[in-house]
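# Fold and geometry: a report
Chain by chain, the residues:
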Amino acid sequence: MNEQIQDFARKVLAITREVEREDYDPGTQEWYTLLNLSQTAARLVYALPVEMLPPEEVRPVSVYEERLLDELLGILADLERREG
């Protein structure tokens, strides 16, 4: 089942990347609808648990991202203390 989900996720992301190509923008309302649909589908794929993503779509979190997240969590904690 997990492999089937990964295969569907690969297909959705391939379609999204094809639609988002920079060399193609006809500017029609239909194209913008297709772009929005493909981007929404990609967001749904990335909302899956990491175990369900195709292995090639998983990347380690960088040290910078970890530090940034720690800083953001610290800011939120400070705001919560001030309000509560």
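Given the structure is predicted, the values throughout are model-derived calculations rather than measurements. Once a new chain begins, its residue numbering starts again from 1 and follows that chain's sequence as written. Only residues with pLDDT of 70 or above have their local features reported here, since the model is predicted, and side-chain atom pairs are shown and tallied only from 80 upward, although totals for entire chains, interfaces and linings are computed over all residues. Excluded from the side-chain calculations are hydrogens and water; all other atoms, namely the structure's heavy atoms, are used.

## Overview of helix H2 (residues 29-46)
Numbering goes from the N terminus for both helices and strands, where a helix is a DSSP run of H or I of at least four residues and a strand is a run of E of at least two. One less than the number of residues in a helix, times 1.5 Å, gives the span that helix is expected to have. Across its 18 residues, H2 extends 26 Å between first and last C-alpha, which sits within 8% of the 26 Å expected from 1.5 Å per residue. Three or more residues of H2 are buried, namely Trp31, Leu35, Ser38, Ala42 and Val45. In an axial view of H2, the angular spread of the buried residues amounts to 85 degrees, which keeps them on one side of the axis. Residues of H2 that are exposed and point more than 90 degrees away from the buried face comprise Gln29, Glu30, Leu37, Arg43 and Leu44. We call a residue buried when its accessible area falls under 20% of the maximum for its residue type, exposed when it is over 50%, and partly exposed in between, using a 1.4 Å probe and counting protein chains only. This arc is taken over the directions from the axis of the helix to the C-beta atoms.

## Concerning the environment of Asp7
With respect to the secondary-structure elements, Asp7 resides in helix H1 (residues 2-19). Sequence separation between Asp7 and Pro54 is 47 residues, and the spatial gap between their C-alpha atoms is 7.3 Å.

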